[in-house]
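Observations on the model geometry
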Amino acid sequence: MGKKSNALQYHLMLAPGMVFIIIFGIIPLFGIAIAFQDFIPVKGITGSKWVGFDNFIYMFQLDDSKRILFNTLYISILKMIMQVLVPVGTALLLHELVFNRSKRWFQTIIYLPHFLSWVILAGILTDMLSAQGIVNKIVKGLFGDTVFFLGSNFWFPIVVVLSDVWKEFGFNAIIFLAALTAINPSLYEAAEIDGAGRLRKIWSVTLPGILPTIVLITTLNIGQVLNAGFDQIYNLYNPLVYQSGDIIDTYVYRIGLVQYQFGLATAVGSMKSLVGFVLIFISYRLAAKYANYRIF
Amino acid sequence: MLPSAKQRIKAPDILLLLLMSFITLLCLLPLVYIVSLSLSGKSAAAAGRVTLFPVDFTFYSYKYMLSDHRFFDSFAVSVKRVLIGGAINFALTILMAFPLAKERSEFKSRNFYIWIIVFTMMFNGGLIPWYMVIKNLHLIDTIWALTLPTAVPIFNVILLMNFFRNLPKEISEAATVDGAGPWRMLLRISVPLALPAIATVTLFSVVNHWNAFFDGMILMNKQSNIPLQTYIQQLVVQPVISATTRSEDLINFSQRTFNAAKIVVTMLPILVIYPFLQKYFVSGITLGSVKE
């Protein structure tokens, strides 16, 4: 009897949150119907004309589609690689550091940029990278001319990837640091007895020790490959770099809420959601199978 | 703390320290730069003479900001949003994480709820349907448009749920024997024990509310209703987007120090609360996210 009333209490605890999840998570799913319509807002979903798969067919025929898919994958795969390499390197450096007090200071500071918004950082970056900014001052001193970083299709993706690394590497190092501290110290002692030097210990003990974590993080990242970072790119880009900087999310925003092509925007958005869902599902399956990872 | 005597400091250790100091400085320099710019004179900023220290030191930009009522309107919206949104997130995260952390044997419907939650986290209707739901609820241009759609931060619920699950079972068993019901257990035992994790998720949700600009941009029409980040976004980012020609840059020059001052004030709250909560979140994240 006690168990039953407990369950009732648990349902009650969950109820307020579930109401919000249903309203803002489940109900919008019915709105995907718009993707199959020539949607006109005043007529609503019930009044608009149904057009079958026209929006989807149009989407695949668009010249922009290939370019946007390419940009999305290009930027997010580069980010994914850098966001494993740099944080792992940082975690190794911190792990090897013998000055413990400075270690704490370093950690506090390198986590900080993660908590600043892309609006703020874009504000700082656009100033630093402008013709009169500090970066171009250095570039001019070295090469004699300024570079229009945020207006060049060559530089824009590089700025996007590097600024993302700058913002997140410290925070992403946390998980690797945790994995490093979990390595059994007796392994180091054994390696020492075998005559291993410092680099040898890193190679033979430390790296294998965090390899499962590296594999896990990479696997989980695959599910996010269609998210190349809306906030960042939206705040940094401009029409000059649509060619190299437009990703699925910024494109959906532009055709949907700027050009009012609701049907097409929803078709593109739901396609992304569907593919993303499948990718996340696969990556979580892989993580569960090979890294014994469960989110709950 | 210096290394113990038997561990002698060698040249590579010093090199490592220098390298790590350099990397850490790289994280700090852009922030130092923007602070210096905000404290510099207009002409020095326009001529690009500001590097790491203010040139022609002046508080003029900050004084000028005091006369900008739009900035203060937006600041007030953001503060209101953080207080209301943060409180809602705080309550709902705890209320959801606690029952979901129960074993299936204790709470049969647990898996059903988790499936719904994870499903909505991974699969959504996208921008347009989401916007329409909020519009049809008449939330546009109210503070509720900024606080209710994100009422349940699902990622935080999962973090806290995993933290609750890692608490020793013996304590809750002992409390059950003593006759404690679910609510008593939640408020008297689980919440006090999970304070580091709760501090972590609260920091995350407060920071998210403070940093969000997109919902303010599309859900708020009146200028006086937009939150601070959206205001900064209009101010700093959009002029640059239109500044495709170098000559238009000239107009922005005089704005550079003003914008810098606004950026500094906008990131100040984060810089102030962050060090106090930082010590909690590392243990909070690692305990909550990786399950052995």
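All values reported here derive from a predicted model rather than from experimental measurement. (Residues numbered from 1 in each chain as written. Chains lettered and ligands numbered in written order. Predicted model: local features only at pLDDT ≥ 70, side-chain atom pairs only at ≥ 80, totals over all residues. Heavy atoms only, no water.)

1. Things to note about the overall build of chain A
For chain A, the helix and strand inventory stands at 14 helices and 2 strands. Relative to the 2.2 N^0.38 estimate, which gives 19 Å for 296 residues, the radius of gyration of chain A is 24 Å and therefore markedly larger than a compact globule would have. Counting only C-alpha atoms, chain A reaches 80 × 80 × 30 Å along its principal axes. Buried residues in chain A amount to 54% of all 296 residues. Total accessible area computed for chain A in this model is approximately 14200 Å², and 67% of it derives from carbon and sulfur atoms. The averaged location of the 15 negative side-chain charges in chain A is 8 Å from the averaged location of its 21 positive side-chain charges. (Helix = DSSP H or I, 4+ residues; strand = E, 2+ residues; numbered from the N terminus. Rg over C-alpha atoms; globule rule 2.2 N^0.38 Å. Buried < 20%, exposed > 50% of the residue type's maximum accessible area, 1.4 Å probe, protein only. Areas by Shrake-Rupley, 256 points an atom, 1.4 Å probe, with all protein chains shown as cover. Lys, Arg positive; Asp, Glu negative; His and termini not counted. Charge placed at Lys NZ, Arg CZ, Asp CG, Glu CD.)

2. Side note on the packing of aromatic side chains
Residue and element names in this part refer to chain A. Under the defined criterion, the tally for this structure stands at 39 aromatic pairs over all chains. Ring centres 5.3 Å apart and planes at 90° place the aromatic pair Phe36 and Phe53 in the edge-to-face group. Highlighted residues: Phe36 in the loop between helix H1 (2-30) and strand S1 (37-38) and Phe53 in the loop between strand S2 (49-50) and helix H3 (54-61), separated in sequence by 17 residues. What makes Phe36 partly exposed here is its relative accessible area of 25%. Judged by relative accessible area, Phe53 falls into the exposed class, the value being 54%. Sitting above the plane of the Tyr242 ring, Arg254 keeps its charged end 3.8 Å from the centroid. (Phe/Tyr/Trp six-rings, centres within 6.5 Å; stacked < 30°, edge-to-face > 60°. Lys NZ or Arg CZ within 6 Å of the ring centre and 35° of its normal.)

3. Here's the deal with the interface of chain B and chain A
The interface is formed by 105 residues belonging to chain B together with 90 residues belonging to chain A. Of the roughly 9100 Å² buried between chain B and chain A, counting both surfaces, carbon and sulfur atoms make up 78%. In this structure, the connection of chain B to chain A is made through 2 salt bridges. In this structure, Asp13 of chain B and Arg198 of chain A form a salt bridge, with 2.8 Å as the shortest nitrogen-oxygen distance. By residue number, the principal contributor to the side of chain B that touches chain A is helix H1 (residues 11-38) of chain B, which donates 18 residues. (Contact = heavy atoms within 4.5 Å. Buried area = accessible area lost by both parts, 1.4 Å probe. Salt bridge = Lys/Arg side-chain N within 4 Å of Asp/Glu carboxyl O.)

4. Thoughts on the pattern of salt bridges
Using the criterion set out here, one finds 13 salt bridges over all chains in the structure. The salt bridge partner of Glu96 of chain A is Arg198 of chain A, with a shortest N-O separation of 2.9 Å. Of this pair, Glu96 of chain A sits in helix H4 (residues 63-96) while Arg198 of chain A sits in helix H10 (residues 198-222), placing them 102 residues apart in sequence. Residue Arg256 of chain B pairs with Asp127 of chain A through a salt bridge whose shortest N-O separation is 2.7 Å. Here Arg256 of chain B is found in helix H14 (residues 246-289), whereas its partner Asp127 of chain A is found in helix H6 (residues 118-129) on a different chain. Given the relative accessible area of 8%, Arg256 of chain B is considered buried. For Asp127 of chain A, a relative accessible area of 10% gives the class buried. Among the charged side chains, a network of salt bridges with common partners joins Glu96 and Arg198 of chain A together with Asp13 of chain B.

5. Here we look at the packing of H4 of chain A against H10 of chain A
Residue and element names in this part refer to chain A. Relative to each other, H4 and H10 sit at 145°, their axes nearing to 11 Å. In this structure, H4 crosses over H10, and the sense of that crossing is right-handed. Seen from H4, the contacting residues are Met80, Val84, Val88, Leu92, His95 and Glu96; seen from H10, they are Arg198, Ile202, Thr206, Leu207, Ile210, Ile214, Ile217, Thr218, Asn221 and Ile222. Residue composition of the contact of H4 with H10, by class: 10 nonpolar, 4 polar and 2 charged. (Axes fitted to C-alpha atoms, helices over the stretch in contact; angles between N-to-C directions. Left-handed = near helix turned anticlockwise from the far one by under 90°. Nonpolar A, V, L, I, M, F, W, Y, C, P; charged D, E, K, R; others polar.)

6. Some points on the nonpolar core
Membership of the largest hydrophobic core comes to 178 residues, with the highest contact counts inside it found for Phe115, Ile124 and Tyr253 of chain A together with Ile218 of chain B. When residues of this core are assigned to their parent elements, the largest contribution, 13 residues, is made by helix H8 (residues 155-181) of chain A. Those residues in contact with Ile124 of chain A, other than ones at most four positions away along the chain, are Pro30, Leu31, Ile34, Ile263 and Met267 of chain B. (Core = buried A, V, L, I, M, F, W, Y, C linked by side-chain atoms within 4.5 Å.)

7. A look at helix H13 (residues 248-258) of chain A
Burial analysis of H13 of chain A places 10 of its 11 residues in the buried class, the great majority of the element. Among all positions of H13 of chain A, only Ile248, Asp249, Thr250, Tyr251, Val252, Tyr253, Arg254, Ile255, Gly256 and Leu257 of chain A are buried. Of the surrounding elements, those touching the buried residues of H13 of chain A are H4, helix H11 (230-236), helix H12 (242-245) and helix H14 (262-290) of chain A together with helix H6 (127-136) and helix H12 (214-219) of chain B.

8. Concerning the confidence of the model for chain B
All names here are of chain B. For chain B, the mean per-residue pLDDT works out to 86, and 88% of the residues sit at or above 70. The least confident element of chain B, judged by mean pLDDT, is H14 at 73; the most confident is helix H7 (residues 143-147) at 97. Ignoring residues within four places in sequence, the model shows residues 240-253, a span with pLDDT below 50, making 17 contacts including any to other chains. Per the prediction output, this complex has pTM 0.89; the corresponding ipTM is 0.89. (pLDDT = per-residue confidence, 0-100.)

9. As for unusual backbone geometry
A positive phi angle, near 60°, is found at Tyr260 of chain A, a position not held by glycine. Mapped onto the secondary structure, Tyr260 of chain A falls in the loop between H13 and H14. Of the residues examined, Tyr260 of chain A reaches a relative accessible area of 56% and is grouped as exposed. Within the chain, Asp56 of chain B stands out as a residue other than glycine whose phi angle is a positive 55°.

10. Points about a nonpolar patch on the surface
Together, Leu19, Phe22, Leu25, Leu26, Leu29, Val32, Leu52 and Phe53 of chain B give the surface a local cluster of nonpolar side chains, amounting to about 710 Å² of exposed area. Secondary-structure assignment places Phe22 of chain B in helix H1. (Patch = residues over 30% accessible without salt bridge, like charges linked within 9 Å, V, L, I, M, F, W, Y side chains within 5 Å.)

11. What to know about the side chain of Asn235 of chain A
Within the secondary structure, Asn235 of chain A sits in helix H11. What makes Asn235 of chain A buried here is its relative accessible area of 1%. In this view, Asn235 of chain A contacts Trp118, Val119 and Ala122 of chain A together with Phe213, Gln233 and Val237 of chain B; residues no more than four positions away in its chain are not counted.

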